[in-house]
Amino acid sequence: MNSVGINMIIVPGFVALLLFLVFTYLYEQSRQDYFRAWQMGWAAYTLHYALDAWSAYRQASALVFLFASLLLVVMALCIFVSTRLMRERFRLRWYDFGIACGGVALALWNLREHFVNGVFRPNVANLHFRLEVGLGAVLLYCSFDFFRYSQRKNSLAFKLLAIAVALWAVLMIVPDLSSPYLEMFGNAGHLLGPIPQMLLGIAMVMVLFENERNAVQENALAFSTLGVDPTRLLSAEDLVPSMQNILDRLVAPLPMGRAVIMITEPWRAVLPSVQRGFSAEFLQKVESSGAGEYISELAYRRGGFVSFRNLSEMPEPLPAFPGARFEQFRQVLETERIRNLTAVSLQTREHNFGVILFPHAARRVLGSSNLRLLIGLALQIGLTLENYVVMHDAQRRTKEFELLTQIGQAVSSRLDQDEVLRAIQKELGQIFDTSDFYIAFQEGDDIRFELEVVSNEVKPKRSRKPGNGLTDYIIRTGQPLLIRADLEKARERLGVNYVPGKPAKCFCGAPILLGAKPADGRNEYGARIRVRTTRPGSDADCGGPGVSCRGKRAPVH
């Protein structure tokens, strides 16, 4: 092969190979579909030059010529499809088939014109309609589409991309434009051909940078607030729409369509867990089985990120946790046929609120760039949740002080004891659920239940002898008691052996003191409890004032 052939084939082919590696790197970093389209297009373009080099070294073949032409069609079609992938997910359109069929027809037409007297001639100059003209027209449309997108997004990277594609298209349509370069620079003029391609590579690197910058700016601002009224004391259920919006916005630019924001147990009374693409039963399993606690703690210890690949076969990662928590975690995910999982921690310097779970089918669905961006956004979400928790606690304290004032006014304005107790129950209901509630006093050898409310229904007054129940424990010690779960273990720890016929799953009680001391010789104390009723067999999650409680109805004892 002479030096002209080397300049026309080897050098542009080597540049095309380098750009294919660049686009491969960009796709591995971002995992965006349009980078994948450019990667596939440039792979076809590189193979085109490889076949041209093969033909230059060996005898020209019609089959090799046709295949090389079809690779050019594939390249142009990939760039054309990438113009849609910037805005939406990939779906075949009728005009994709139209362009593909038109390109194949032009390739066959050019192949036919290269036959002279039944013999294939690779160097035929007078073609009626060259394949490169049709492909150049497609690239000009792509350039126009990139330019429109750059105007809409005010993007310098896409403007440069549009200019590079337009220049490349013009050189393909009018090949005689390269003649002045050949005359001016001699054989080195062929080196100027890859310039538009190198501009394409530079533009696509700038596109990746701009995408990351825009994602950080837009999402960081959107994730800086939950968009709720700071003057209202909201429950976890009231916060579900805001958390769902955060999850939807976080998942939208990512390749996977399913995700879960799992809040750990200490914060579920204030912050809800939400999911996208799963059933409510799956979210409940993750919370109740301890799988969510396990993955949240593991991601927190791993610096904010952990990934599982081929979950059914992998051993338990270090650091190990006591018990069979990893097995429980694996079983829950296997029921949903989840083999690969990425988890990002929702943490701040002082708190670990939970974890974001991204189940996916591929072994690696997030690139390095996506992962860094996701970790940064998760930190922003964690900070937002921390600010909301602080605001929520401050608002609850304000409500509590207002409540104390209202209770004092209600008590002082009434002389009847029953009205006073009902007023207390009603006012306390402003900051937590008092649908299951009682106030009990000990007088002598009897414990009198002066107010007992079960499912918002006031029961008749009754009394019983002192025993060894939780109410007796609070009256005896004068200390408040909060049991969120595992009530039987708590009874064993406290030395309480009385178990009612329908035991509660969680308990919240506080003594009634007079001047922080026993009232008088009668030793008057009281205890209160509130429990929300749900279906039997559900796990409990109990808290203090302002905290929801889920479990079976608790009888007093």
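Residues numbered from 1 in each chain as written. Predicted model: local features only at pLDDT ≥ 70, side-chain atom pairs only at ≥ 80, totals over all residues. Heavy atoms only, no water.

1. Topic: the overall build of the protein
Applied cut-off: Note on conventions: DSSP H or I runs of at least 4 residues are helices, E runs of at least 2 residues are strands, and numbering of each starts at the N terminus. For accessible areas, the Shrake-Rupley method is used with a probe of radius 1.4 Å. Any residue's cover is judged against the shown protein chains and nothing else.
Regarding its fold elements, the protein presents 16 helices and 15 strands. Per element, the accessible surface of the protein, about 27800 Å² overall, is 58% carbon and sulfur.

2. So, the pairing of strand β8 (residues 437-443)
Short version of the rule: Only protein chains enter the accessibility calculation, which uses a 1.4 Å probe; a residue whose area is less than 20% of its type maximum is buried, one above 50% is exposed, and one in between is partly exposed. A strand pair is defined by DSSP finding two or more bridges across the two strands.
Burial within β8 is extensive, with six of its seven residues counted as buried. Summarising the sheet, β8 and strand β9 (residues 446-454) pair through seven bridges and their orientation is antiparallel. Each residue of the ladder has a partner; that of I439, found in β9, is L451.

3. Some remarks on the pairing of β9
Along any regular strand the residues' side chains alternate between the sheet's two faces. Burial analysis of β9 places seven of its nine residues in the buried class, the great majority of the element. Linking β8 back to β9 in an antiparallel pair, the connection comprises two residues, with G444 at a positive phi of about 70°. By the bridge criterion, three bridges tie β9 to strand β11 (residues 462-464) in an arrangement that is antiparallel. Opposite R448, over in β11, you have S463 as the bridge partner. Across two bridges, the pairing between β9 and strand β10 (residues 457-458) is antiparallel. Its bridge partner being in β10, V453 is matched across the sheet by V458.

4. Description of the packing of helix α3 (residues 62-85) against helix α5 (residues 131-153)
Packed helices, taken two at a time, are described by the angle their axes make and the gap between the axes. What counts, and what does not: With axes taken as lines fitted to C-alpha atoms, and helix axes fitted only over the stretch in contact, angles between N-to-C directions fall between 0 and 180 degrees. Angle categories: roughly parallel below 35 degrees, roughly antiparallel above 145, roughly perpendicular from 65 to 115, and oblique for all the rest. Whether a crossing is left-handed or right-handed is set by the direction in which the near helix is turned from the far one by less than a right angle, anticlockwise for left-handed and clockwise for right-handed. Residue contacts are counted whenever heavy atoms from the two residues lie within 4.5 Å of one another. We call Asp, Glu, Lys and Arg charged. Ala, Val, Leu, Ile, Met, Phe, Trp, Tyr, Cys and Pro are nonpolar, and the rest, Gly among them, are polar.
It is at 9 Å that the axes of α3 and α5 come closest, and there the two elements cross at 15°. With respect to α5, the axis of α3 lies roughly parallel. In this structure, α3 crosses over α5, and the sense of that crossing is left-handed. In this structure, α3 contributes S69, L72, V73, A76, I79, F80, S82 and T83 to the contact, and α5 contributes L131, E132, L135, V138, L139, Y141, C142, D145 and F146. Each residue belonging to the contact of α3 with α5 can be placed in one class, and the counts come to twelve nonpolar, three polar and two charged.

5. Some remarks on the confidence of the model for the protein
Condition: The predictor attaches a confidence to each residue, called pLDDT, with possible values from 0 through 100.
Across the protein, pLDDT averages 76, with 80% of residues at or above 70. The spread of mean pLDDT over the elements of the protein runs between strand β15 (residues 550-551), the lowest at 34, and α5, the highest at 89. Ignoring residues within four places in sequence, the model shows residues 177-191, a span with pLDDT below 50, making 17 contacts including any to other chains.

6. Considering the side chain of R84
Heads up, the rule is: As used in this structure description, the phrase polar contact means that two N or O atoms lie within 3.5 Å; if the pair is within protein, one of them must be able to donate a hydrogen and the other to accept it, and residues adjacent in sequence are counted only when both atoms belong to side chains.
For R84, the location among the structural elements is in helix α3. Within polar-contact distance, the side chain of R84 engages the side chain of D96 at 2.9 Å. For R84, the residues in contact, after removing those within four places along its chain, are F90, R91, R93, Y95 and D96.

7. Here we look at the pattern of salt bridges
The cut-off we apply is this: Put simply, a salt bridge is a Lys or Arg side-chain nitrogen that is within 4 Å of an Asp or Glu carboxyl oxygen.
Applying the stated criterion across every chain, the model contains 14 salt bridges. In this structure, E293 and R268 form a salt bridge, with 2.8 Å as the shortest nitrogen-oxygen distance. Of this pair, E293 sits in helix α11 (residues 291-301) while R268 sits in the loop between β3 (259-263) and β4 (274-276), placing them 25 residues apart in sequence. By relative accessible area, which is 10% here, R268 ends up buried. Between K461 and D418 there is a salt bridge; the shortest N-O distance is 2.7 Å. Taken together, the residues K461 in the loop between β10 and β11 and D418 in helix α14 (residues 417-428) connect sequence positions 43 residues apart. Residue class for K461 comes out partly exposed when judged on its relative accessible area of 47%.

8. Quick notes on the packing of aromatic side chains
Using the following cut-off: Here a pair means two rings of Phe, Tyr or Trp (six-membered ring of Trp) with centres within 6.5 Å. Their orientation is stacked below 30 degrees between planes, edge-to-face above 60, and tilted elsewhere. Sitting over a ring, as applied to charges here, requires NZ of Lys or CZ of Arg to be within 6 Å of the ring centre and within 35 degrees of the ring normal.
Within the structure shown, the criterion is met by 17 aromatic pairs. Seen in terms of ring centroids, F146 and F158 are 6.3 Å apart; in terms of plane orientation they differ by 35°. Their pairing is tilted. With F146 in helix α5 and F158 in helix α6 (residues 156-173), this residue pair connects regions lying twelve residues apart in the sequence. Taken as a pair, F146 and F158 share a single burial class, namely buried. The lysine or arginine in question, R462, covers the ring of F449, its NZ or CZ lying 4.3 Å from the ring centre.

9. Things to note about helix α12 (residues 325-335)
Counted only if it meets this: Think of it as the arc spanned by the lines of direction from the helix axis to the C-beta atoms.
Turning to α12, its buried residues are F326, F329, R330, V332 and L333. For α12, the angular spread of the buried residues around the axis is 160°, confining them to a single face. On its buried side, α12 packs onto α10 (280-288), α11, β5 (305-308) and β6 (340-347). Of the residues trailing α12, R337 is marked for its positive phi of about 60°.

10. Brief notes about unusual backbone geometry
The residue N154 is not glycine, and still its phi comes out positive at about 55°. For S455, which is not glycine, the phi torsion reads 55° and is therefore positive. By secondary structure assignment, the location of S455 is in the loop between β9 and β10.

11. Thoughts on the environment of V133
Within the fold, V133 resides in helix α5. The class of V133 is partly exposed, set by a relative accessible area of 22%. Along the chain, V133 and V170 lie 37 residues apart, while their C-alpha atoms are 8.9 Å from each other.

12. A few points about a nonpolar patch on the surface
To keep things clear, this is the line we draw: Residues enter patches when they are more than 30% accessible in relative terms and free of salt bridges; like-charged ones are connected within 9 Å and nonpolar ones (Val, Leu, Ile, Met, Phe, Trp, Tyr) within 5 Å.
On the surface, F14, L17, L18 and L21 cluster together into a nonpolar patch covering about 370 Å² of accessible area. In this structure, L21 sits in helix α1 (residues 3-30).

13. Here we look at the side chain of T384
Relative to the elements of secondary structure, T384 occurs in helix α13 (residues 368-412). Not counting chain neighbours up to four residues away, the residues in contact with T384 comprise F223, S224, T225 and L226.

14. Focus on the nonpolar core
Spelled out, the test is: Note on terminology: a nonpolar core comprises buried Ala, Val, Leu, Ile, Met, Phe, Trp, Tyr and Cys residues joined through side-chain atoms within 4.5 Å.
Counting residues in hydrophobic clusters, the biggest one holds 50 residues, and the most contacted among them are W38, W42, I79, F146, L161, W168 and M204. The greatest single-element share of this core, amounting to eleven residues, is contributed by α3. Beyond its immediate sequence surroundings of up to four residues, M204 is in contact with F23, L26, Y34, F35, W38 and L161. Residues I246, L250, F358 and V389 belong to the second largest nonpolar core, which totals 28 residues.

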